[in-house]
Structure formats: structure tokens, C-alpha cells
Amino acid sequence: MIYFIGNKELVENEFYEFSTIDKCIDYFKDKESIEVDTETTGFDPHTCKIICIQLGDKENQFVIDVNAVSILLLKELLESKLILFQNAKFDLRFLYSNDIYPTKIYDTFLAECVLTTGLEDRELGLKALAWKYCGVLLDKEIRGQIYREGLSTRVIQYAANDVAYLHLIREKQLVEIEKLELNAVLDLENEVVKVFAKMEFHGILLDPDKWMDVAKTTESNVINLQLELDEIVLNEPKLSKYVPKYKQTDLFGFEKRDLDINWSSNAQKLKIVKDLGINIDSVDERNLSKNKRKHIIMSKLLDYSKQAKLVTSFGKKFLSFINPKTQRIHFSIWQILSTGRISVSEPNLNQIPSKGELGKKIRSCFIPKEGYSIVGGDFSGMELRLIAEFSQDKLWLDAFNAGQDLHSVLCAKTFDISITDVKQETPFKAGVTYRDVQKTINFGLAYGMSKFKLADTIDISVDQADKIIKKFFAVVPQVNSFLNLLGNTGKKNGQIRTARPFRRLRQFGNWQSAMENQGSSDSFKALGEIERASKNSPIQGSNGDIIKLALINVQNRIDANNYPVTIILAVYDEIQTECRDDFAEEWKLILNDIMIESAKVIIKSIPVEVDCKISKSWTK
DNA sequence: TCCACGGGCGCG
DNA sequence: AAAGCGCGCCCGTGGA
């Protein structure tokens, strides 16, 4: 039965009955769980509002007009029961804006994500889930019109439908979850979604003036580089065909640029480079830098791409992400990628420049609110530590246990040099040290890099690369066999998992067809990709699991003690928080402690290190 | 004018 | 045969 709680002036009809908020609360008082959904005037909880909130189960659904009834009357209920959501993060943000903080959550959307990670053509929407698990066809056509239409009869019916099937979906999902042994990772996701909702809701503060300064610098850099590139073309006989015979003037008689080359066009750049007799097949950084000495234009093109990237991705436009109401940036988080990591978009705060002077400057534009500091913790060498833990390779473990620099230790062994010489330049590439090469090897070979790619990356012959690879794996034989085990497991089963206790599952959606077409070149390619992804996924994914656990533990500590701290960002293996100044020193120690303890759930054989900092801006 | 796609590159 | 993994965003391109 559908009950509507709100304005009595609406015409009563056969589709629903009127009820009261007391009756609704009374109905759920003794239930273990409630299905909850909200309809809102838009996507942003800071500038939009909840229109109605629905509470329901299989038998009864209550659609509550929050303009007529205070949503706060539901606070106690929503904060004490297990709440079933479809895509909890969306509703949580709106509930947070109404000062309601659910504690126990089951998200049918996240469960479906966990069940289908890596599968192609999966469907995660409520309509698909209701069909898949309940055989019910939901009508979602009205969805986009609710704001305009208001709480009409059909809107009330539609809204009620969204809280009528989640129990059944959950029941059926849990059977699958149990079968695939995904309980632990599902619990993790259902917990951490609260933290992600809070992060999105709270947002991050950017200093717009400082950002503008940087943007102006990069913009003028690009303009100058463009002129310099034009100049090179004008003075290069081989490129004379790009120079028009007559100078053009615009409507006002001013001279326009002599050239009409778009330096952002890869196709045009490639054509020009080829006209210079330099034979490359693309104008990416590798190819340009490899042929830097062949023509002066090469290094200019390199500079141009770098600066242009800064202008387009991290220029003025970026300021439009600042929310007019809160003056903060409310990014959005995709909670479960194929390995278990998260991604951040609109804007992608995972890709804010960090390297070099400019990177530092750009990151320093992210600041805490008045009276607060940014306190951040950064796991050091997480993936390398995970490789040590999983492979139990003696050398790898010893290096970490002795507190040595792993790259240097491995480097000395791979190249048969003294550990004091690892920062010497290699004979095969100018300006590159042995340790640099070793880093490429450690991160590359661990995930299936071939001798061809290694040769290409560090500019040596394929034979030389082959020898280095063989030597490397002879030095760390257990790493070799562990990675091979992963690769073979993935190829054999079409799926791979992260470490205990989470054992997150990644399935390879194209595995079945690759197996059926064995022998074909498509299949060979696909299985190669599966093999390499299988080597990487447990490492990258376990790292993701650890960060999520740490976020949960950090948030729980904050809540339990009512600390003046908010988590603002999680980037790969770092957690950034905004902490009241007077508490920063103490918090730094607590954060450090929680992060280490969280990682220990998976890393048991070697120490875990976290680098914690207090700052008035986001620092690396 | 819109959309999908691929190259390229920012981060780990 | 093809030969590091994981992302999101920008632009130009080409077809509708």
C-alpha cells in the first residue's frame, strides 16, 4: 500500500491513502531495516532541495512531502535503522544537508558494483536491478519531470516504487555475495560510502586569486611558444608550403599571424615533423624527446604540449568548478573502479599537477578554511610493500625490514654495482641514473612490461633490455614466481582477487570469448591484457582496499571523539584532512597511527610507513 | 551543431 | 600475432 504524507488538499484517489508522520515512524519502529529514497530539485545538495523522501518495504511505502512535514522528524529513525539505498551517496549528501546522518547502510548499487566488477555491459540502475532480481518492470520515464510536475499522483506512485523492491534485491544479491565470498568487501564499501558522501558534500577550498596567477603565467607561456613555433616554420625552407605568399589582414586592417597552423592538432604537428624528414609515427612525449636533437622544433613542441595541457586542464576554466553557494569545489567520486580504486571527477583531483615548481605551486592553491590546517598522510611505497608482502621475496622483504631504499638495493644487484654508485649516470642514457632505470623496472616489470617497451623507455637495445630483465628476476625470484602465478591465475580463471581479508573480485568480461577464440590474434591480445592486468590488479586493488579501510577508521575516530576534523580528499595512497589549528599537532599523530594500523590488516611482514604533514595548503 | 572516438597527458 | 597497470579530461577529427 502506498501512503502519502503531506498536503491534504491533494485529491485522494485509488492509488494511495493519506497517512501521518507518526504512523510512518510507528510502522518502522520495530523493523530492522527501511528502504529509503529521495526526490530532489537537482543534483547539488547545496543549491537544490529535497522534494520528498520515501520510506518503504515490500508491503508499504510512505511518500513524505518535506514541504509539508519536517524531515527532521525522521532523524532518529534514519540514524538508527539499517537503511537500504540505491546509490546511497546521492541521498546521503542531501540528508547531510538536513543534518541527518545514517549510520548503517546497505547500497544495492554498490553491491551490484562489487558483484560485477570488470564485467562488460553490466547494468547498475534500479530499473535493471528490479528486473534482474525481482522480474519487475519499473517505469523510470517520469524521473526527469518530477521537479516540474510536483507531487502528482503518478509521481507519488513512481516515488513509492523506488522503495518497494530494495529488500528483495538485497536478499537476492546477498545470496550471490555469499557465493562469491564478497561479504567483507561489500561491508567495506557500504561503510566507506558515508565518508565519500561527506567528502563530496564538504568539498575543498581553492584560492582563486593564486590560481589565476598561475593560469595567467601558463597562458602567456602558451602564446609565446605558439609564436616561437610559427617563427621556426617561417624560417625553415623545408616548411615553406605552410607559409602563405601574402600576409592577411583582418577586417580592421591589422596584420594577422602569418601562419594558420593549429599547434594543438596532433595530425598537423605530425605532418610538419615528417616534412622535416623526421620519421616518427606519433608526436607524443616519447617520440619528440627521442628525436630532440634532430630539429629545434622538437623541444618547442614538447614545451608547447606541456604548457597547453596546463592551460586547458588546469587554467581559468578550473575556477568554474567553485560552487557559488559554498565557494568550495564539490568533486564527485566513482567508488569502485575495476581494481577497487576510486576515481574523482568534475574536477579530477587525482591528476592535479604535483611535479616540479609549477606542480608545487598549483597544489598550494588548495587551502584549508580560516583557522584550520591541512593535515595529510601519505603511505610510502605502498605498492612495493604489497609486492614484498605477497611474494615474500627475501631480498625485497629484507630491504624494507632494514629500512633501506628498495630501488637502490635492487639497483645495485641488478646492475652489479655498489650501492653508493646507484645515482651514477648510466652509460646508455644521458642524464638518467641507474636508480632511475631501476624504478622503471620495478614499476614496469612488475606489471608485465616487455623487453621492447623497456628498451624503448630507457633507450637501450632490445638485447640489453632482455638481459636486464633476466638479471632482475634472477635477483628477486619470488617476485618473479608470484607475478607469474597471478598472471596465470587470471588467464586460467578469467578473474583475480585482492588480498585477504577483503578478497575483492575483478572479473574479465572478455575472457570467455577470448577462450572460445583461442588461436586468433584477437584472443592472443586479449589474454595478454588479462595476464598483465592480473599481475597489477591485486596490488593496485589491495592498496585501494587499505585506503578505504583507513578512511573508515579515520572517520570513525573523528565521529567518536567529535574531533574538529573533516576528511577532504583521498588520492591513491594519501588522505588529506582539514583540522582546526589548535588540534593539528595532536591530530597528525592520530592520523599517522590510524593509517598504519589500517594497512597492517594486509601488510604483516614489514613495517608500514606514513608520511604526515601539517600545512596551510595541499602539499606533496 | 552534436556526438563518438582516439591521441595525448595529468596523476598514482 | 602483441607485448607495464589503473584512471579522467582536453582537443581535433570525421561522420551524421
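Small disclaimer: the values here were computed from a predicted structure and weren't measured.

Participant: Please clarify how the pairing of strand S3 (residues 33–40) should be interpreted in this entry.
Facilitator: Sheet faces and side chains relate simply in a regular strand, where the side chains alternate between the two faces. Judged by how many residues are buried, S3 sits mostly within the fold: 8 of 8 residues are covered. The alternating pattern of S3 places Ser33, Glu35, Asp37 and Glu39 on one face and Ile34, Val36, Thr38 and Thr40 on the opposite face, and all of these are buried. Two elements, S3 and strand S6 (residues 82–85), share 3 bridges in a ladder whose sense is parallel. Its bridge partner lying in S6, Ser33 is registered against Leu82. In this sheet, strand S4 (residues 50–56) lies alongside S3 in antiparallel orientation, the contact comprising 6 bridges. Looking at the pairing, Thr40 lines up with Ile50 of S4.

Participant: Honestly, helix H21 (residues 477–493) in this entry has me stumped. Any pointers?
Facilitator: It helps to recall that an α-helix has 3.6 residues per turn; residues three or four apart then point in one direction. In this model, H21 (17 residues) spans 24 Å end to end at C-alpha, consistent with the 24 Å of a helix rising 1.5 Å per residue. Gly494 occupies a position one or two residues after H21 and carries a positive phi of about 70°.

Participant: Please clarify how the pattern of salt bridges should be interpreted in this entry.
Facilitator: Side chains that differ in sign of charge can pair as their charged atoms come close. Across all of its chains, the model carries 33 salt bridges by this definition. We note a salt bridge from Glu176 to Lys179, for which the minimum N-O separation is 3.4 Å. Highlighted residues: Glu176 and Lys179, both in helix H8 (residues 166–179), separated by 3 residues, approximately one helical turn. Exposure remark for Lys179: the relative accessible area of 60% places this residue in the exposed category.

Participant: Would you explain the state of the cysteines in this entry?
Facilitator: When the sulfur atoms of two cysteines share a covalent bond, that bond is a disulfide. This structure, assessed with the given rule, holds 0 disulfides. For Cys48, which is in no disulfide, the shortest distance to another cysteine sulfur is to Cys52 and amounts to 15 Å. Looking at Cys48, the relative accessible area reads 17%, which means it is buried. Cys113 supplies the cysteine sulfur nearest to Cys134, a cysteine that is in no disulfide, at a spacing of 17 Å.

Participant: How do you make sense of the nonpolar core when you look at a structure like this?
Facilitator: Nonpolar side chains in soluble globular proteins generally cluster together in the buried interior. Counting 167 residues, the largest nonpolar core has Ile53, Leu55, Ile64, Trp396 and Trp587 as the members making the most contacts within it. If one sorts the elements of this core by residue count, helix H23 (residues 521–561) sits on top with 13 residues. The next biggest cluster of nonpolar side chains, apart from the first, holds 24 residues, and it includes Ile232, Val233, Leu259 and Ile280.

Participant: Please explain the protein's contact with DNA strand C as it appears in this structure.
Facilitator: Residues in close proximity to DNA strand C total 34 residues, the closest being Asn262, Ser265, Ser338, Ser450 and Arg506. Backbone atoms, meaning sugar plus phosphate, form 69% of the atoms of DNA strand C positioned within 4 Å of the protein. Met449 places a main-chain nitrogen or oxygen 3.4 Å from a sugar or linking oxygen of DNA strand C. Looking at the surface near DNA strand C, the elements with two or more residues in it are helix H13 (296–314), strand S11 (343–345), helix H18 (434–445), helix H19 (451–458) and H23. Grouping the amino acids of the surface near DNA strand C by side-chain chemistry returns 9 nonpolar, 18 polar and 7 charged.

Participant: For this particular structure, what's the right way to read the packing of aromatic side chains?
Facilitator: Aromatic rings in a pair are described by how distant their centres are and how their planes are angled relative to each other. The full count for this structure, using the stated rule, is 25 aromatic pairs. A ring pair is formed by Tyr3 and Phe62, whose centres lie 5.0 Å apart and whose planes are at 20°; its orientation type is stacked. With Tyr3 in strand S1 (residues 2–5) and Phe62 in strand S5 (residues 61–65), this pair connects stretches of sequence that are 59 residues apart. You'll find Tyr3 and Phe62 in the same group, each marked buried. Taken together, the ring pairs connect Trp211, Phe314, Phe318, Phe321, Phe366 and Trp618 into an aromatic cluster. When the ring centre of Tyr106 is taken as reference, the NZ or CZ atom of Arg170 above it lies at 5.2 Å. The ring centre of Trp618 lies 4.2 Å from the NZ or CZ of Arg363, which sits over that ring.

Participant: Honestly, the sheet that holds strand S7 (residues 104–107) in this entry has me stumped. Any pointers?
Facilitator: Pairing between the strands of a sheet is mediated by backbone hydrogen bonds and can be parallel or antiparallel. In space, the 7 strands of this open sheet follow the order S2-S1-S5-S4-S3-S6-S7, with mixed pairing throughout. Each edge of the open sheet is held by one strand with a lone partner, namely strand S2 (17–18) and S7. Taken together, the 5 bridges between S4 and S5 define a ladder with antiparallel strand orientation. Bridging from a neighbouring strand, Ile53 pairs with Ile64 of S5. Along the sheet, H8 contacts S3, S4, S6 and S7; its crossing angle with S6, the most-contacted strand, is approximately 95°.

Cut-offs used in this document
- Residues numbered from 1 in each chain as written.
- Chains lettered and ligands numbered in written order.
- Predicted model: local features only at pLDDT ≥ 70, side-chain atom pairs only at ≥ 80, totals over all residues.
- Heavy atoms only, no water.
- Buried < 20%, exposed > 50% of the residue type's maximum accessible area, 1.4 Å probe, protein only.
- Helix = DSSP H or I, 4+ residues; strand = E, 2+ residues; numbered from the N terminus.
- Pairing = 2+ DSSP bridges.
- Expected span 1.5 Å × (residues − 1).
- Salt bridge = Lys/Arg side-chain N within 4 Å of Asp/Glu carboxyl O.
- Disulfide = S-S within 2.5 Å.
- Core = buried A, V, L, I, M, F, W, Y, C linked by side-chain atoms within 4.5 Å.
- Near = heavy atom within 4 Å.
- Polar contact = N/O pair within 3.5 Å; in protein donor to acceptor, adjacent residues only side chain to side chain.
- Nonpolar A, V, L, I, M, F, W, Y, C, P; charged D, E, K, R; others polar.
- Phe/Tyr/Trp six-rings, centres within 6.5 Å; stacked < 30°, edge-to-face > 60°.
- Lys NZ or Arg CZ within 6 Å of the ring centre and 35° of its normal.
- Contact = heavy atoms within 4.5 Å.
- Axes fitted to C-alpha atoms, helices over the stretch in contact; angles between N-to-C directions.

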